[in-house]
Amino acid sequence: DAGVTQSPTHLIKTRGQQVTLRCSPKSGHDTVSWYQQALGQGPQFIFQYYEEEERQRGNFPDRFSGHQFPNYSSELNVNALLLGDSALYLCASSLHQPPYEQYFGPGTRLTVT
Amino acid sequence: TQLLEQSPQFLSIQEGENLTVYCNSSSVFSSLQWYRQEPGEGPVLLVTVVTGGEVKKLKRLTFQFGDARKDSSLHITAAQPGDTGLYLCAGQSGGSYIPTFGRGTSLIVHP
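Thresholds applied
Residues numbered from 1 in each chain as written. Chains lettered and ligands numbered in written order. Predicted model: local features only at pLDDT ≥ 70, side-chain atom pairs only at ≥ 80, totals over all residues. Heavy atoms only, no water. Phe/Tyr/Trp six-rings, centres within 6.5 Å; stacked < 30°, edge-to-face > 60°. Buried < 20%, exposed > 50% of the residue type's maximum accessible area, 1.4 Å probe, protein only. Helix = DSSP H or I, 4+ residues; strand = E, 2+ residues; numbered from the N terminus. Lys NZ or Arg CZ within 6 Å of the ring centre and 35° of its normal. Salt bridge = Lys/Arg side-chain N within 4 Å of Asp/Glu carboxyl O. Pairing = 2+ DSSP bridges. Axes fitted to C-alpha atoms, helices over the stretch in contact; angles between N-to-C directions. Contact = heavy atoms within 4.5 Å. Polar contact = N/O pair within 3.5 Å; in protein donor to acceptor, adjacent residues only side chain to side chain.

Engineer: Help me understand the packing of aromatic side chains in this model?
Structural biologist: For any pair of aromatic rings, the description rests on two quantities: the centre-to-centre distance and the angle between the ring planes. Applying the stated criterion across every chain, the model contains 10 aromatic pairs over all chains. Measuring from ring centre to ring centre gives 5.3 Å for Phe47(A) and Tyr49(A), while their planes differ by 85°; the resulting arrangement is edge-to-face. Accessibility expressed as a relative area gives 6% for Tyr49(A), which makes it buried. Centroid distance Phe104(A) to Tyr35(B): 5.5 Å. Interplanar angle 85°. Geometry classified as edge-to-face. Of this pair, Phe104(A) sits in strand E10 (residues 103-104) while Tyr35(B) sits in strand E4 (residues 29-37), each in a different chain. When its relative accessible area of 0% is taken as the criterion, Tyr35(B) is described as buried. Linked through ring pairs, Tyr35(A), Phe45(A), Phe104(A), Tyr35(B) and Phe101(B) together constitute an aromatic cluster. Just above the ring of Tyr103(A) sits the side chain of Lys26(A); from NZ or CZ to the centre is 5.4 Å.

Engineer: Where do I start with the pattern of salt bridges in this structure?
Structural biologist: Enumeration according to the criterion identifies six salt bridges over all chains in this entry. Two residues, Glu54(A) and Arg57(A), come together in a salt bridge whose shortest N-O distance is 3.1 Å. Residue class for Glu54(A) comes out partly exposed when judged on its relative accessible area of 35%. Given the relative accessible area of 27%, Arg57(A) is considered partly exposed. Between Arg60(B) and Asp83(B) there is a salt bridge, with its nearest N and O atoms 2.9 Å apart. Here Asp83(B) lies in the loop between strand E8 (71-76) and strand E9 (85-93) and Arg60(B) lies in the loop between strand E6 (55-58) and strand E7 (61-65), a separation of 23 residues in the sequence.

Engineer: What is the right way to look at the sheet that holds E7(B) in this model?
Structural biologist: In sheet architecture, strand pairing relies on hydrogen bonds along the backbone and comes in two forms, parallel and antiparallel. Residues and elements named next belong to chain B. Read from one edge to the other, the open sheet built from five strands follows the order E1-E3-E8-E7-E6, with strand pairing classed as antiparallel. Strands with a single pairing partner mark the edges of an open sheet, and in this sheet they are strand E1 (5-7) and E6. Direction aside, the axes of adjacent strands within the sheet are offset by 15° on average. Judged from the six bridges that link them, strand E3 (residues 19-24) and E8 form a sheet pairing that is antiparallel.

Engineer: I keep staring at the sheet that holds strand E3 (residues 19-24) of chain A and nothing clicks. Help me out?
Structural biologist: All names here are of chain A. If you trace the four strands from one edge of the open sheet to the other, you get E1-E3-E8-E7, paired in antiparallel fashion. This sheet does not close on itself; its edge strands, each paired only once, are strand E1 (5-7) and strand E7 (64-68). Across this sheet, the average inter-strand angle for adjacent strands is 20°, counted without regard to direction. One ladder, built from five bridges, connects E7 with strand E8 (residues 74-78); its direction is antiparallel. Opposite histidine 67, over in E8, you have glutamate 75 as the bridge partner.

Engineer: Even after reading the chapter, I still don't get the side chain of Ser33(A), so can you show me in this structure?
Structural biologist: Residue and element names in this part refer to chain A. Relative to the assigned elements, serine 33 resides in strand E4 (residues 31-37). A relative accessible area of 0% places serine 33 in the buried class. Discounting chain neighbours no more than four positions away, the residues touching serine 33 are Phe45, Phe47, Gln48, Leu90, Cys91, Ala92 and Gln102.

Engineer: Looking at this model, I keep getting lost on the side chain of Gln37(A). Mind explaining?
Structural biologist: Relative to the helices and strands, Gln37(A) resides in strand E4. The class for Gln37(A) is buried, based on a relative accessible area of 6%. Side-chain polar atoms of Gln37(A) contact the backbone oxygen of Gln41(A), separated by 2.9 Å. At 2.7 Å, the side chain of Gln37(A) and the side chain of Gln37(B) are in polar contact.

Engineer: I would appreciate a short explanation of unusual backbone geometry in the present structure.
Structural biologist: Outside of glycine, negative phi angles account for most residues, and trans bonds account for most peptide bonds. Residue Pro8(A) is bonded to the preceding Ser7(A) through a cis peptide linkage, with omega at -10°. By secondary structure assignment, the location of Pro8(A) is in the loop between E1 and strand E2 (10-13). At the junction of Ser7(B) and Pro8(B), the peptide bond is cis and its omega measures out at -10° in the coordinates. Along the polypeptide, Pro8(B) turns up in the loop between E1 and strand E2 (10-14). Unusually for a residue other than glycine, Lys59(B) sits at a positive phi of about 55°. Within the element layout of this structure, Lys59(B) appears in the loop between E6 and E7.

See below:
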């Protein structure tokens, strides 16, 4: 049973560039959430996709956007990168029913220089 | 403002010791999860608790959900170096199905 996979594992970008991160959910899951985790912090919710639509969004600017495909996989796009966007980006999949347990991928480490 | 407060923030102990970490909030949670995260990896789900007063055991780990569903604790018996990691609690409250995470407790178990 494949778990959540993310690509790439590491990425280095320059300020002002754009980046796309990818996620494949755990088999059987239909919901994908994205989180940003800075060093020493817990994961911060960016947004959640279900049925190919953004269902909820955290306190992140419009530079952060996403997409969910018919096979439930998802992308996170970040435009006009800032130094402060450097973080571990986590994808989590779940079922859209209680208790909404999140299963995380290994993350993508993004460094903006 | 952190909805979920975890304590202690850091814990460094010797192998064989017992420890308890706490997750507290002023909000009532419909469910609460505990995760362990190793450096550079994603969090791994350990347990979900949903009923006030519920106690769940996972080998040497004991999880308790407060009667009022506002707090939780994780107790580790006879800690081992493999228990080293960041322990995160996360809960859903106010009708939301999006979990809010605490900042975590960083545990180091020395051999």
